[in-house]
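Analysis of the macromolecular model
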Amino acid sequence: MTQMTDTEPDVGDDVVLLTVPADGGYLGVLRTATAGLAARLHFALDEIEDLRIAVDEACAMLLAIATRNAELECRFAVTDDALTVEVTVATVRGARLPSESSFAWKVLTALTTSAAAEANGRQATIRLLTRRTEF
């Protein structure tokens, strides 16, 4: 099931919640939503593409440890000058994300302002923050 809402209680920023099956075939939906929201913030074209690639990489990391029939929950928080993308998935027991010294993490940190992750044995979340470059 795909769900999309544009508000969340008690949040001052614009928030979009998007839930898709944890299947690579649905990553295009998340990349498109990412690009649309970044364009709304007037990100440069190269910044939009970098963010799309980062979201794709983060989702690929999560899909590798997702439980069967899981869903990717993606939360986009839009502020005046930044977009935060937080992707969460239910994980298999003992799942671990790649280390911060891995190539995948180097990609995330090169393409975004900041990247962070957490896994608690039941689910894993990757949070990406990208600030718009001022001209």
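Residues numbered from 1 in each chain as written. Predicted model: local features only at pLDDT ≥ 70, side-chain atom pairs only at ≥ 80, totals over all residues. Heavy atoms only, no water.

Moving on: the nonpolar core. Among the nonpolar cores identified, the biggest contains 40 residues, and Leu30, Leu62, Leu72, Phe76, Leu83, Leu108 and Ile126 are the most heavily contacted of them. Listed by contribution, the elements that provide at least two residues to this core are β2 (14-21), α1 (27-40), α2 (45-63), β3 (71-78), β4 (82-90), α3 (103-111) and β6 (123-131). Looking at this core element by element, the count peaks at eight residues for α2. Those residues in contact with Leu30 that sit more than four places away from it in its chain are Leu18, Val20, Val55, Cys59, Leu72, Cys74 and Phe76. (Core = buried A, V, L, I, M, F, W, Y, C linked by side-chain atoms within 4.5 Å. Buried < 20%, exposed > 50% of the residue type's maximum accessible area, 1.4 Å probe, protein only. Helix = DSSP H or I, 4+ residues; strand = E, 2+ residues; numbered from the N terminus. Contact = heavy atoms within 4.5 Å.)

Here we come to the environment of Glu49. Tracing the chain through its elements places Glu49 in helix α2. Separated by 14 residues in sequence, Glu49 and Ala35 have C-alpha atoms that sit 7.4 Å apart.

Moving on, we come to unusual backbone geometry. In this structure, His42 takes a positive phi of about 65° despite not being glycine. Looking at the secondary structure, you find His42 in the loop between α1 and α2. The exposure class of His42 is exposed, given its relative accessible area of 66%. In this structure, Asn69 is a non-glycine residue whose phi angle is positive, near 65°. Relative to the helices and strands, Asn69 is located in the loop between α2 and β3.

Glancing now at α3. For α3, the complete set of buried residues consists of Ala104, Trp105, Val107, Leu108 and Leu111. Viewed along the axis of α3, the buried residues span an arc of 155°, placing them on a single side of the element. Facing away from the buried surface of α3 by more than 90 degrees, the exposed residues are Phe103 and Ala110. Buried positions along α3 lie against α2, β5 (114-119) and β6. (Arc of directions from axis to C-beta.)

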